[in-house]
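One letter stands for each residue in the lines below.
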Amino acid sequence: MNAQRAEKLKNLGNEEFKLKNYSGAIKYFTESLQVCPSENTYSNRAAAYIAQNDFKKAIDDCQAGLRINEKFPRLYKRLFKAHLSLGNLREAEAALIRAKELEVSAKENKMD
């Protein structure tokens, strides 16, 4: 039951994100995480924080998601973007390398 409620809240957050209502998306993602934490929802909320240029919160969410699943490539990609935006080049490079290791064939890896 909790997993279904968390998924529904995450999906509402995804809809808000698509509408570029990042504050609304963060609200739903936060509610979803309170019901049932997941690496996917942390990743989505990190994306919303990145869209708001709140890179430190994005990094915190990526790290929280990685504590759940350290092999979730999207978290490393978002960690890369957040660190790069803050000028943390060493950390950004490490995150990108890890994303590439986990998802060798992803076309956006070449762009990054």
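Positions within a chain are numbered from 1, following the residues in the order the chain's sequence is written. Only residues with pLDDT of 70 or above have their local features reported here, since the model is predicted, and side-chain atom pairs are shown and tallied only from 80 upward, although totals for entire chains, interfaces and linings are computed over all residues. Hydrogens are left out, water is left out, and the side-chain values use all remaining heavy atoms of the structure.

### Considering unusual backbone geometry
Negative phi characterises most residues that are not glycine, and trans characterises most peptide bonds.
So, point 1. Phi at Lys20 is positive, roughly 65°, even though this residue is not glycine.
So, point 2. Each helix corresponds to a stretch of at least 4 residues labelled H or I by DSSP, and each strand to a stretch of at least 2 residues labelled E; elements are numbered beginning at the N terminus. Considering the arrangement of structural elements, one finds Lys20 in the loop between α1 (2-18) and α2 (22-35).
So, point 3. Its identity is not glycine, yet Asn53 carries a phi of approximately 60°, on the positive side.
So, point 4. With respect to the secondary-structure elements, Asn53 resides in the loop between α3 (39-51) and α4 (55-68).

### What about the pattern of salt bridges?
So, point 1. Salt bridges are defined as contacts in which a side-chain nitrogen from Lys or Arg sits within 4 Å of a carboxyl oxygen from Asp or Glu. If you walk through the whole model with that rule in mind, you get 7 salt bridges.
So, point 2. Across the salt bridge formed by Glu31 and Lys27, the nearest N and O atoms sit 3.1 Å from each other. A residue pair is termed a helical-turn pair when its members lie 3 or 4 positions apart in one helix, as Glu31 and Lys27 do in helix α2 at 4 residues.
So, point 3. With a relative accessible area of 25%, Glu31 lands in the partly exposed category.
So, point 4. For Arg45, the salt bridge identified is with Asp61, shortest N-O distance 2.6 Å. Placement of Arg45 in helix α3 and of Asp61 in helix α4 is noted, with a sequence separation of 16 residues between them.
So, point 5. For Arg45, a relative accessible area of 12% gives the class buried. Buried means the residue's accessible area, taken with a 1.4 Å probe over protein chains only, is under 20% of the maximum for its type, while exposed means over 50%, and partly exposed covers the values in between.

Coordinates in, geometry out; function isn't part of it.
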